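Coordinate analysis (summary)
This is what each chain is made of:
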Amino acid sequence: MQERVVPRGPGATVGRVVALAADVAALVLVVWIALDLLDANQANAVVQWFHDAANWLSGWSRDLFDIHREWVQVVVGYGLPAVVYLLVGHALARFLHRV
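Below: a short report on this structure.

One can describe the packing of helix α1 (residues 10–37) onto helix α2 (residues 45–57) by two numbers: an axis separation of 9 Å at closest approach and a directional angle of 125°. Between α1 and α2, the angle falls in the class oblique. The handedness of the crossing between α1 and α2 comes out as left-handed. Two secondary-structure elements touch here, α1 through A25, V28, L29, V31, W32 and L35 and α2 through V47, W49, F50, H51, A53, A54 and L57.

So, on to the packing of aromatic side chains. Summed over the entire model, instances satisfying the criterion amount to three aromatic pairs. Ring plane angle 70° and centroid distance 6.4 Å describe the contact between W32 and Y78, whose orientation is recorded as edge-to-face. Of this pair, W32 sits in helix α1 while Y78 sits in helix α3 (residues 70–98); the two residues are 46 residues apart in sequence, bridging distant segments of the chain. No difference in accessibility class separates W32 from Y78, as the two residues are buried. Ring geometry for W60 versus Y85: centroids 6.4 Å apart, planes at 85°, classification edge-to-face. Residue W60 is located in the loop between α2 and α3, and its partner Y85 is located in helix α3; the two are separated by 25 residues in the primary sequence. Among the residues examined, Y85 registers a relative accessible area of 24% and is labelled partly exposed.

Looking now at α2. For α2, with 13 residues, the first-to-last C-alpha span of 18 Å sits near the 18 Å given by 1.5 Å per residue. Those residues of α2 that fall on the buried side of the exposure criterion are V47, F50, A53, A54 and L57. Projected onto a plane normal to the axis of α2, the buried residues spread over an arc of 130° and lie on a single side. The exposed residues of α2 that point more than 90 degrees off its buried face are A45 and W56. Structurally, α2 contributes buried residues whose contacts are with α1 and α3. Among the residues of α2, the N-terminal cap falls to N44, whose side-chain oxygen and the backbone nitrogen of V46 are separated by 2.7 Å.

About the cut-offs
- Residues numbered from 1 in each chain as written.
- Predicted model: local features only at pLDDT ≥ 70, side-chain atom pairs only at ≥ 80, totals over all residues.
- Heavy atoms only, no water.
- Axes fitted to C-alpha atoms, helices over the stretch in contact; angles between N-to-C directions.
- Helix = DSSP H or I, 4+ residues; strand = E, 2+ residues; numbered from the N terminus.
- Parallel < 35°, antiparallel > 145°, perpendicular 65-115°, else oblique.
- Left-handed = near helix turned anticlockwise from the far one by under 90°.
- Contact = heavy atoms within 4.5 Å.
- Phe/Tyr/Trp six-rings, centres within 6.5 Å; stacked < 30°, edge-to-face > 60°.
- Buried < 20%, exposed > 50% of the residue type's maximum accessible area, 1.4 Å probe, protein only.
- Expected span 1.5 Å × (residues − 1).
- Arc of directions from axis to C-beta.
- Polar contact = N/O pair within 3.5 Å; in protein donor to acceptor, adjacent residues only side chain to side chain.

Shown next as structure tokens:
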């Protein structure tokens, strides 16, 4: 059986931080999608925080597509950046692990 080598340099640490940041960004977006689809109380401070954070994270792509069904617009508008953050963040983290 081959033993897995775990990188231990500064690149590995930065890579883990980048991967964690990508995961947190995607999680915030997914939580907001769920809160919106479940018609969470917009007056609640926690719901408002997720809404504000998701709007900030998805500002570059939120109105990229004009979809007439509101729930589909929410899923695409906030789901696309979540997927992009995961893909780009983890690709960057893998690159940094090798450095």
